[in-house]
Amino acid sequence: GSITELMGIEGNIRNSYYKCLDEVLPDKFKIVKREKKPPNNFMNSLISFGNSLMYASTITEIYNTHLDQAISFLHEPSERRFSLSLDISELFKPVIIDRIIMGLINRNMIDESYFDMRLNGVLLNEKGRRLFIEEYENKMSSTLKYKKLNKIISLRHLIRLECYKIEKHILGIDSYSGFKVWW
């Protein structure tokens, strides 16, 4: 019925998703409850840092289009953030950020030594940020075949193509069809 209702549903789905993740995560990486300001455990710290990278990448890709960062379709516009970037980031966080996090944990690439717990929360330390950024850049540079263009593209470029789809919808050139993972 409304955007607020839709965002509430999305929030409930995300909470259910986190509960399912907690069933397969090692105890020290369980989410328990999503806390952001500041993150209160290792997993919340990883999610927050990864989401900030995704948000920044999305901002960059939107700047390469004719879209306006302040005009969004889900998140409320705000003076401190670009709401369209938040909207588009939501599409890619599970596919990119969550996969990076699970890879770091499942391959035992990250442990307590990658976090700083002295600041009334849990944050990635420099070593942890470097590791995450390296994995993030590798993921964003990875390629796949984009069937509609019959072309090999990076995940970074995939975000821009999603922006172009929104732009074409606004201009009445093509109907928008939401992003769906095909690989």
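Please refer to the structure placed before this passage.
As the structure is a prediction and not an experimental result, all values here were calculated from the model.

1. Remarks on the nonpolar core
Consideration 1: Met43, Leu46, Ile96, Ile110, Phe115, Phe132 and Tyr136 are the most contacted members of the largest nonpolar core, which totals 44 residues.
Consideration 2: Only helix H1 (3-24), helix H2 (42-63), helix H3 (83-106), helix H4 (126-141), strand S3 (143-146) and helix H5 (155-170) provide two or more residues apiece to this core.
Consideration 3: The greatest single-element share of this core, amounting to 11 residues, is contributed by H3.

2. Considering the environment of Thr143
Consideration 1: Along the chain, Thr143 falls in strand S3.
Consideration 2: Placed 12 residues apart in sequence, Thr143 and Leu155 show a C-alpha to C-alpha distance of 6.2 Å.
Consideration 3: In this structure Thr143 touches Ile152, Ile153 and Ser154, once residues within four positions along its chain are discounted.

3. Considering the packing of aromatic side chains
Remark: the centre distance and the inter-plane angle together describe each pair of aromatic rings, the angle taken between the planes.
Consideration 1: Tallying each qualifying case throughout the model produces five aromatic pairs.
Consideration 2: Arranged with centres 4.5 Å apart and planes meeting at 35 degrees, the rings of Phe42 and Phe115 form a pair that is tilted. Remark: Phe115 occurs in strand S1 (residues 115-116) and Phe42 occurs in helix H2; sequence separation between them is 73 residues.
Consideration 3: Overall, the relative accessible area of 6% leaves Phe115 in the buried class.
Consideration 4: Judged by centre distance (4.7 Å) and plane angle (40 degrees), the rings of Phe92 and Phe179 are tilted. Taken together, the residues Phe92 in helix H3 and Phe179 in the segment after H5 connect sequence positions 87 residues apart.

Analysis parameters
- Residues numbered from 1 in each chain as written.
- Predicted model: local features only at pLDDT ≥ 70, side-chain atom pairs only at ≥ 80, totals over all residues.
- Heavy atoms only, no water.
- Core = buried A, V, L, I, M, F, W, Y, C linked by side-chain atoms within 4.5 Å.
- Buried < 20%, exposed > 50% of the residue type's maximum accessible area, 1.4 Å probe, protein only.
- Helix = DSSP H or I, 4+ residues; strand = E, 2+ residues; numbered from the N terminus.
- Contact = heavy atoms within 4.5 Å.
- Phe/Tyr/Trp six-rings, centres within 6.5 Å; stacked < 30°, edge-to-face > 60°.

Spatial relationships are all this shows, so hold off on functional conclusions.
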